[in-house]
Every structure is written in structure tokens, then in C-alpha cells.
Amino acid sequence: MFAVRYHRYGGSEVLAVEEVEEPHAGPGQVRVAVRATGVTPADWYLRSGRLRDFVPSDFPRTPGVDAAGIVDEVGEGVIGTAVGDAVFGLVPFVDQGGAAAEYAVLEAWAPKPRSWSFEEAGGAAGNIDTATRVLVALAAAEGMTLLIEGAAGGVGTITAQLARARGLTVIGTASEGNHGFLEEFGVVPVGYGAGLADRVAALAPRGVDVVLDAAGKGSLADLVAIAGDPDRVVTIADFDADRHGVRFSRSEAGESPGWAGLPLAAELADRGRLTVPLHAVFPLKEIATAHDVSALGHARGKIVVTVP
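Residues numbered from 1 in each chain as written. Predicted model: local features only at pLDDT ≥ 70, side-chain atom pairs only at ≥ 80, totals over all residues. Heavy atoms only, no water.

The name that an unreviewed UniProt entry assigns to the chain is Oxidoreductase, with the source organism given as Embleya hyalina. Annotation of the chain in UniProt includes, under Subcellular location (unreviewed entry), the sentence "Cytoplasm". Quoted straight from UniProt, the Subunit (unreviewed entry) entry for the chain says "Homotetramer." (UniProt positions renumbered as here; feature names shortened; annotations may be inferred.)

Now the structure itself:
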């Protein structure tokens, strides 16, 4: 099969489409003929070597942690999924990639919502897993107010919708040009940067219960002050979290608490309550450009790569 690979750390120029051996589904896994895969900051963090102290790399490596496609192999012990099913899901954590290819093995998946295109589904699973994991960590519950720093990106938009479905009020930081975009998801928009605490206080006079930092722009001190307690703040993007007493949430080996969010998200999507806004869609041969666009940090929604 053809797959994107890189053989050393570096910029997007190290990415190349190569012919490689096909993977096969092991016990409890399925293999899909990939139609689309998402691009996440973790992909280019890993590629650049930024995470080398956290996640050792064995080269060559294929990026892509989530995918949507058609099941063509079913591993031992799998029930409820058959060859020919359209699904979306996540590659095994131990691989930390592999979806930017003609075929990929998934260890967590759900039926593709009828209301989603393959492009939308291809960029959904990673963000749903992250959003669900964060909401569980924050014990987010009906009646609470959630502040999302960096709400217009892929994780932010999904977290906001899942939180709203749980009955939370959501306030989200974004540039002024994205305020109308956030309002489409029922998010109360607010400008980021200096003076954030005062602006949030005006919007939530009773205070903010929990906070997600999805931006990693060095605002943790302000976010902790807004929440009133570092235990009420989780970041997925700021590696300085320990200094502020804030939890850093990332995928771990083994079953993720976020996996349970995949079938629930599919149900919400088919009820018209969860959408995957797409910032840009690129063909597989242009994955380097997709990585570069993601690294700019200004995506409104998800960046996706399609596989011919």
C-alpha cells in the first residue's frame, strides 16, 4: 500500500508518500480502507521532535491518529462490526500514528454517522476522545460553566458541543473574527489576551466552574485565577502545566476514558447535535501543506487529509 512516512525529525519536508507493507487487524481490532484522516498538533509535534522526551520515536513513522473508512478486516473477538461497515476511530496508542495511509488498523471505533461525510468523520475521533477525556477529568456536569481557551479549533469546537449536550454553559476565547463562528455552536465568545479575567467575570458573574486550555499560549496563570483552583483547570497544549499545578491531559496506553465518547458522538451527530467544522481538506500528496497550516495555529475547525 501507499502511506506517508518520515525517517527523521524535521519540518514538513521530511514527509513523503512511500510504498510499504500493509498492516493487518489483530485481536480486538479492525482494519479500514482509509477515506480520510485528521491532522492534529500531535502529528507535527511528533514529526518535529518536540515530543521526543515524552514519546520515543521508531523510524520510519506514519502520522495520523484517527481515520474514517470502510472495514475490510475484522480481528479475533470483534463483534458488532463487519466487513463493509463505514466507521471512524483511532489507531492503537502504541503506534502513535499510522492513519495517513491506504489502510489503517483501529483499536477504538464507532459507526460513521449518516449525517457526516468521510472527511468530517475522518477528523472527528481524536478530538472526540480528547474532549470526552477532558470533560471526565473535570467532572463537568449539567449546570456548570466551562471556559475553553482556544475554542475555535478542532478540539475546542467538539468540546463545546459535547459540553452543551451535557447541559453546561460554554464560554470560549477566540479572535474577534471567530466570535460569530462560536455562536453557531451555542458558545458565548470572548476575546483572549490581557484582561481576560475581567471580561469573563462580566459574562459569568457567578464565576467559571471548570476550564480547558486548548491553546497552549501561556495563559495558565490567568486561567487558574479565573477558575480559583488549579484542580479545576486541564490543559492539552501547555507543557508548563506542572509549574501551575494544572493537569496535562494526553492519551495513554490502554483503554481511554474518551473512547466511550465515540458512539455517543455518533448518536448526537445523527440527531443533528454534533458537527465537525472543517477548516481545510487536502489530498494525501499534500499532507506537508496540511501540517504547515495546522502549525500556524489559526485553524477554524479541523484540518483533514483524504486518501484516494
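That shown, we press on.
Engineer: Give a description of the overall build of the chain that names residues and reports values.
Structural biologist: What the chain contains, in helices and strands, is nine helices and 15 strands. In terms of C-alpha radius of gyration, the chain reaches 19 Å, essentially the compact-globule figure of 19 Å for 308 residues. Projected onto its principal axes, the C-alpha positions of the chain cover 55 × 40 × 35 Å. Relative to its 308 residues, the chain shows a buried fraction of 53%. For the chain, long-range pairs separated by at least 24 residues make up 65% of all intrachain contacts whose partners lie at least 6 apart in sequence. When the 25 basic and 39 acidic side-chain charges of the chain are each reduced to a single mean position, those positions are 4 Å apart. (Helix = DSSP H or I, 4+ residues; strand = E, 2+ residues; numbered from the N terminus. Rg over C-alpha atoms; globule rule 2.2 N^0.38 Å. Buried < 20%, exposed > 50% of the residue type's maximum accessible area, 1.4 Å probe, protein only. Contact = heavy atoms within 4.5 Å. Lys, Arg positive; Asp, Glu negative; His and termini not counted. Charge placed at Lys NZ, Arg CZ, Asp CG, Glu CD.)

Engineer: Can you lay out the sheet that holds strand β10 (residues 188-190) for me, pointing to particular residues and giving the numbers?
Structural biologist: In space, the six strands of this open sheet follow the order β10-β9-β8-β11-β12-β13, with parallel pairing throughout. Of all strands in the sheet, those with a lone pairing partner are β10 and β13 (247-248), marking the two edges. Bridge count between strand β8 (residues 145-149) and strand β11 (residues 210-213): four bridges; the pairing is parallel. In the sheet register, Ile148 faces β11, and the bridge partner there is Leu212. (Pairing = 2+ DSSP bridges.)

Engineer: Give a detailed account of the domain arrangement of the chain, specifying residues and quantitative values.
Structural biologist: Segmenting the chain into domains produces domain 1 (2-124 + 271-306) and domain 2 (128-248). Centre-to-centre, using C-alpha coordinates, domain 1 lies 26 Å away from domain 2. Interface of domain 1 and domain 2: buried area, both sides summed, is about 1300 Å²; carbon and sulfur atoms make up 62% of it. Sorting the residues of domain 1 by area buried against domain 2 places Arg273, Leu274 and Arg300 first, and these three jointly supply 37% of that buried surface. Counting across the domain 1 and domain 2 interface gives zero salt bridges. Here domain 1 is connected to domain 2 by six residue pairs in polar contact (both at pLDDT 80 or more). Class assignment for the residues of the side of domain 1 that touches domain 2 results in 11 nonpolar, two polar and four charged. (Domains from an automatic or database assignment. Buried area = accessible area lost by both parts, 1.4 Å probe. Salt bridge = Lys/Arg side-chain N within 4 Å of Asp/Glu carboxyl O. Polar contact = N/O pair within 3.5 Å; in protein donor to acceptor, adjacent residues only side chain to side chain. Nonpolar A, V, L, I, M, F, W, Y, C, P; charged D, E, K, R; others polar.)

Engineer: Account for the packing of helix α1 (residues 41-48) against helix α9 (residues 287-296), naming residues and giving values.
Structural biologist: Close contact between α1 and α9 brings their axes to 9 Å; oriented N to C, the two are set at 105°. One finds that α1 runs roughly perpendicular with respect to α9. For the pair formed by α1 and α9, the contact residues are Pro41, Asp43, Trp44 and Arg47 on the first element and His291, Ser294 and Ala295 on the second. Looking at the contact of α1 with α9, its residues break down into three nonpolar, two polar and two charged. (Axes fitted to C-alpha atoms, helices over the stretch in contact; angles between N-to-C directions. Parallel < 35°, antiparallel > 145°, perpendicular 65-115°, else oblique.)

Engineer: Now, about the pattern of salt bridges: what can you tell me, with residues and values included?
Structural biologist: A complete count under the given rule lists seven salt bridges for this structure. In this structure, the salt-bridge partner of Asp72 is Arg31, at a minimum N-O distance of 2.7 Å. With Asp72 in strand β4 (residues 66-74) and Arg31 in strand β3 (residues 30-39), the pair connects residues that are 41 residues apart, well separated along the chain. Using a relative accessible area of 27% as the deciding quantity, one classes Asp72 as partly exposed. Overall, Arg31 belongs to the buried group, its relative accessible area being 5%.

Engineer: Talk me through the nonpolar core; I want residue IDs and the actual numbers.
Structural biologist: Counting residues in each nonpolar core, the largest one holds 45 residues, and the members touching the most others are Phe88, Trp116, Ile128, Leu146 and Leu274. Counting only domains with at least three residues in this core, you end up with domain 1 (2-124 + 271-306) and domain 2 (128-248). Counting residues in hydrophobic clusters, the runner-up holds 31 residues, among them Leu51, Leu106, Ala290 and Val305. (Core = buried A, V, L, I, M, F, W, Y, C linked by side-chain atoms within 4.5 Å.)

Engineer: Describe the side chain of Thr159, with residues and values.
Structural biologist: Considering the arrangement of structural elements, one finds Thr159 in helix α4 (residues 154-165). Looking at Thr159, the relative accessible area reads 0%, which means it is buried. Residue contacts for Thr159: discarding those within four places in its chain leaves Ala131, Leu135, Leu146, Ile148 and Leu212.

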